[in-house]
Amino acid sequence: MKSDHLAMECRAFLASKERRRGEAMQRAALQILCGIDFDALLAASPQEKTGAARRLARLIERERMKGVRGHWSYDLNRHIALKQALDKLKISLTAPADAIRAVGS
């Protein structure tokens, strides 16, 4: 009984750790690739978020075109990271601020 509870807590901890690692990698990639501080962006005004969403959409389209053309600098991981960031940004535009903070923690 106690070992089942401990195993369940261990799995939950490892899943949380993996999720945070992925988010940290995504934030670092956005900072390096686009100069976007995603944490600051989530706290920004809706107008700033909308502008950043347009910028991310343009970057995604440019990355997609590089992939279609077989350009040597195309990076699938960068493409995925940009898309995930845009998805999270769109959620933050529609969700209340309290819900966003709860998801981020």
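### Describing the nonpolar core
Ranked by internal contacts, the top residues of the largest apolar core, which has 15 residues, are Leu30, Cys34, Phe38, Leu41, Leu56, Leu82 and Leu89. Among the elements of the structure, helix H1 (2–34), helix H2 (38–42), helix H3 (46–69) and helix H4 (76–94) are those that each provide at least two residues to this core. In terms of residues, this core owes the most to one element, H3, which gives five residues. For Leu41, the residues in contact, after removing those within four places along its chain, are Ile36, Glu48, Lys49, Ala52 and Leu89.

### Side note on the packing of H1 against H4
Packing of H1 against H4 brings their axes to within 10 Å, and their N-to-C directions diverge by 105°. With respect to H4, the axis of H1 lies roughly perpendicular. Mapping the contact onto sequence places Glu23, Gln26, Leu30, Leu33 and Cys34 in H1 and Arg78, Ala81, Leu82, Gln84, Ala85 and Lys88 in H4. Along the lines of polarity and charge, the residues of the contact of H1 with H4 split into six nonpolar, two polar and three charged.

### Regarding H3
When the terminal C-alpha atoms of H3 are compared, their 34 Å separation across 24 residues agrees well with the 34 Å that a helix rising 1.5 Å per residue should span. Every buried residue of H3 is listed here: Lys49, Ala52, Ala53, Leu56, Leu59, Ile60 and Glu63.

### What to know about the confidence of the model for the chain
In this model, the chain carries a mean pLDDT of 83, and residues with pLDDT of at least 70 account for 90%. The weakest mean pLDDT in the chain belongs to helix H5 (residues 97–104) at 48; the strongest belongs to H3 at 92. The model gives residues 98–105 a pLDDT under 50, and that stretch makes five contacts with residues more than four places away or in other chains.

Rules of the game
- Residues numbered from 1 in each chain as written.
- Predicted model: local features only at pLDDT ≥ 70, side-chain atom pairs only at ≥ 80, totals over all residues.
- Heavy atoms only, no water.
- Core = buried A, V, L, I, M, F, W, Y, C linked by side-chain atoms within 4.5 Å.
- Buried < 20%, exposed > 50% of the residue type's maximum accessible area, 1.4 Å probe, protein only.
- Helix = DSSP H or I, 4+ residues; strand = E, 2+ residues; numbered from the N terminus.
- Contact = heavy atoms within 4.5 Å.
- Axes fitted to C-alpha atoms, helices over the stretch in contact; angles between N-to-C directions.
- Parallel < 35°, antiparallel > 145°, perpendicular 65-115°, else oblique.
- Nonpolar A, V, L, I, M, F, W, Y, C, P; charged D, E, K, R; others polar.
- Expected span 1.5 Å × (residues − 1).
- pLDDT = per-residue confidence, 0-100.

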